[in-house]
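Examination of the molecular architecture
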Amino acid sequence: MARTRVRPEVRTEDRGDAPNPVWFKPVMFGFMLVGLAWIIVFYVSQGTLPIPDLQSWNILIGFGIAFIGFLMTTRWR
């Protein structure tokens with residue numbers, strides 16, 4: 001009687017190497033551009049915009065938003 005060989009299952013796609021969703025790249029670049037725009041608006045308006053009560057903290061907020069976008073680049077595939 002001939003034995004049937006059972007092939008082990010071969011996983012073609014590993015979970016860690018999965019491509020990013022379609023929305024990932026626009027959101028990543030969006031964060032970077034919004035952060036840059038926030039800082040530019042702050043300097044062009046001489047500190048009166050985007051949120052006047054925060055004064056120089058607006059720079060930190062702009063860099064923080066852009067930094068989120070840069071952190072997302074580490075997950076970009």
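In this report, the structure presented in the accompanying data block is examined. None of the values given here were measured: they were computed from a predicted structure.

Definitions and limits used
Residues numbered from 1 in each chain as written. Predicted model: local features only at pLDDT ≥ 70, side-chain atom pairs only at ≥ 80, totals over all residues. Heavy atoms only, no water. Patch = residues over 30% accessible without salt bridge, like charges linked within 9 Å, V, L, I, M, F, W, Y side chains within 5 Å. Areas by Shrake-Rupley, 256 points an atom, 1.4 Å probe, with all protein chains shown as cover. Salt bridge = Lys/Arg side-chain N within 4 Å of Asp/Glu carboxyl O. Helix = DSSP H or I, 4+ residues; strand = E, 2+ residues; numbered from the N terminus. Phe/Tyr/Trp six-rings, centres within 6.5 Å; stacked < 30°, edge-to-face > 60°. Buried < 20%, exposed > 50% of the residue type's maximum accessible area, 1.4 Å probe, protein only.

**What to know about a nonpolar patch on the surface**
- Together, Trp23, Val27, Phe31 and Ile68 make up a nonpolar patch on the protein surface, roughly 350 Å² of accessible area in all.
- Secondary-structure assignment places valine 27 in helix α1 (residues 24-44).

**Some words on the packing of aromatic side chains**
- Applying the stated criterion to the full structure yields three aromatic pairs.
- Relative to tryptophan 76, the ring of phenylalanine 29 has its centre 5.9 Å away and its plane inclined at 85°; by these criteria the two rings are edge-to-face. Here phenylalanine 29 is found in helix α1, whereas its partner tryptophan 76 is found in the segment after α2 (57-72), with 47 residues between them in sequence.
- Judged by relative accessible area, which is 37%, phenylalanine 29 ranks as partly exposed.
- Exposure remark for tryptophan 76: the relative accessible area of 41% places this residue in the partly exposed category.
- For the ring pair phenylalanine 42 and tyrosine 43, a centre distance of 5.6 Å and an interplane angle of 65° mean the geometry is edge-to-face.
- Take tyrosine 43: its relative accessible area is 54%, and that puts it in the exposed class.

**Points about unusual backbone geometry**
- Following leucine 49, the chain continues to proline 50 via a peptide bond in cis, the omega torsion being -10°.
- Here glutamine 46, not a glycine, exhibits a phi torsion of approximately 55°, which is positive.
- Looking at glutamine 46, the relative accessible area reads 72%, which means it is exposed.
- Of note in the backbone geometry, glutamine 55 takes a positive phi value of approximately 50° without being a glycine.
- For glutamine 55, the position within the fold is in the loop between α1 and α2.
- Its relative accessible area of 55% is what places glutamine 55 among the exposed residues.

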